[in-house]
Amino acid sequence: MNKIKHIFLLLLLGVALIYSCDDDNNAFVNPFADINHEALAISDNDSIIKFLKNNYYDMATDSVKTLVEGEIALFDEQEKLTIMDAKRNDLDYTLYIYHIKEGNPIHPDFGEAADDKGNPAVSDSIYAKYSGQSILSSSELSTVFDANTSGAWFSYERLAVRGWSFGFANLKGGYLKKEDNGDTYNGPITYLEGGKGILFIPSGLSYTSLNPNNYGSSLVNQNLMFNVELLDFVQFTDHDNDGRPSSEEDANDDGDLENDFSDNSQPGVPDYLNPTI
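Residues numbered from 1 in each chain as written. Predicted model: local features only at pLDDT ≥ 70, side-chain atom pairs only at ≥ 80, totals over all residues. Heavy atoms only, no water.

1. Structural notes on the nonpolar core
General note: in soluble globular proteins, nonpolar side chains tend to be found buried as a group.
So, point 1. Judged by nonpolar contacts, the single largest core of 30 residues is most densely connected at W164, F168, L199 and F226.
So, point 2. Listing elements by their share of this core, those giving two or more residues are β3 (81-88), β4 (91-101), β5 (126-137), α3 (163-167), β10 (195-201) and β11 (224-233).
So, point 3. Looking at which element gives the most residues to this core, the answer is β11, with five residues.
So, point 4. Core analysis: the next-biggest nonpolar cluster, separate from the first, contains 15 residues, F75, Y98, I198 and M225 among them. (Core = buried A, V, L, I, M, F, W, Y, C linked by side-chain atoms within 4.5 Å. Buried < 20%, exposed > 50% of the residue type's maximum accessible area, 1.4 Å probe, protein only. Helix = DSSP H or I, 4+ residues; strand = E, 2+ residues; numbered from the N terminus.)

2. Here we look at the pairing of strand β2 (residues 63-66)
So, point 1. Relative to β2, strand β1 (residues 55-58) runs antiparallel, the two sharing four bridges. Bridge assignment links Y56 to a residue of β2, and that residue is K65.
So, point 2. Hairpin connection, β1 to β2: the antiparallel pair is bridged by four residues, and D62 has positive phi, about 50°. (Pairing = 2+ DSSP bridges.)

3. Description of the packing of aromatic side chains
So, point 1. Counted according to the given criterion, the structure contains 13 aromatic pairs.
So, point 2. On the basis of an interplanar angle of 25° and a centroid distance of 5.0 Å, the ring pair of Y127 and W153 is categorised as stacked. Note that Y127 is positioned in strand β5 and W153 in strand β7 (residues 146-154), a separation of 26 residues in sequence.
So, point 3. Residue Y127 is classed as buried on the basis of its relative accessible area, which comes to 13%.
So, point 4. In this structure an aromatic cluster arises from ring pairing among Y130, F145, F154, W164, F168 and F226.
So, point 5. Positioned above the aromatic ring of F75, the side-chain terminus of K53 is 5.0 Å from the ring centre.
So, point 6. In this structure, K117 packs its charged tip against the face of F233, placed 4.6 Å from the ring centre. (Phe/Tyr/Trp six-rings, centres within 6.5 Å; stacked < 30°, edge-to-face > 60°. Lys NZ or Arg CZ within 6 Å of the ring centre and 35° of its normal.)

4. Some words on the pattern of salt bridges
So, point 1. A full pass over the atoms with the stated rule returns eight salt bridges.
So, point 2. For E193, the salt bridge identified is with K101, shortest N-O distance 3.7 Å. With a gap of 92 residues between them, E193 in the loop between β9 (191-192) and β10 and K101 in strand β4 connect regions that are remote in the sequence.
So, point 3. A relative accessible area of 35% means that E193 is categorised as partly exposed.
So, point 4. With a relative accessible area of 30%, K101 lands in the partly exposed category.
So, point 5. D232 is the partner of K117 in a salt bridge, and the nearest nitrogen-oxygen pair spans 2.7 Å. In this pair, K117 sits in the loop between β4 and β5 while D232 sits in strand β11, placing the two residues 115 residues apart along the sequence. (Salt bridge = Lys/Arg side-chain N within 4 Å of Asp/Glu carboxyl O.)

5. Some remarks on the side chain of N221
So, point 1. Position of N221 among the secondary structure elements: in the loop between β10 and β11.
So, point 2. Discounting residues that sit within four places of it in the chain, N221 has contacts with F32, I35, H37, L40, S203, Y207, T208 and S209. (Contact = heavy atoms within 4.5 Å.)

6. Re the side chain of D271
So, point 1. Positionally, D271 belongs in the segment after β11.
So, point 2. Despite its burial, D271 remains without a salt bridge, the nearest opposite charge being carried by R244 at 7.0 Å.
So, point 3. Of the polar contacts made by the side chain of D271, one reaches the side chain of S262; its length is 2.7 Å. (Lys, Arg positive; Asp, Glu negative; His and termini not counted. Polar contact = N/O pair within 3.5 Å; in protein donor to acceptor, adjacent residues only side chain to side chain.)

Laid out in structure tokens, this is it:
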């Protein structure tokens, strides 16, 4: 049913795009121009809070389910729920991180304290597993629209869902599996004890219609939920190879590296991708 809804939304959007040209000059017209994104951020937060109050985490199935008697709502598990403010496109957002497991990067037999890199910075490249669903109502999720169960690398500048960079900063990675004698594991690269959590991300930190690349997405302006596991990350990621971690090139210190432009000769290149800054 949800797949049918998504297909229907795409058809409607396609029609909107076809007819959203000015009759006089055929200029493209933004089909989402009437959306007040500041108001949307507020309503998105209200919707996510309602969802958190109407659902709980079921450890046995590692999934979120509608609240039943005897269980505790996600919102009420304050010791496990991190509420985080974030900024994007000069707008303020709130995302929620439900902690399932912190993560342990130190191998119990062959590890050492130096293996613990702590938590990734917002700008660090991450290696993670995930599955994503749309939050359709206070008690309903879509089917999984995307997932990776083996692990994949993600770099800050290529993240479609900006909320990930903020959410993963609350987790730790795991450790590499080894042979019983401590040698490199003779098999596929396997991480154990990665940090696990559930990210509840407002639309402004995901497929926002402020980005024209999202106009054709079935997920545009939808709140999303991701069940994630952080396996590893590149500490002090330096995207432009200028010798400074990208985390230090956030000139206004707002966690958004896409809005810092210090080089007047290259006004369209953010500092973290500009090796001359």
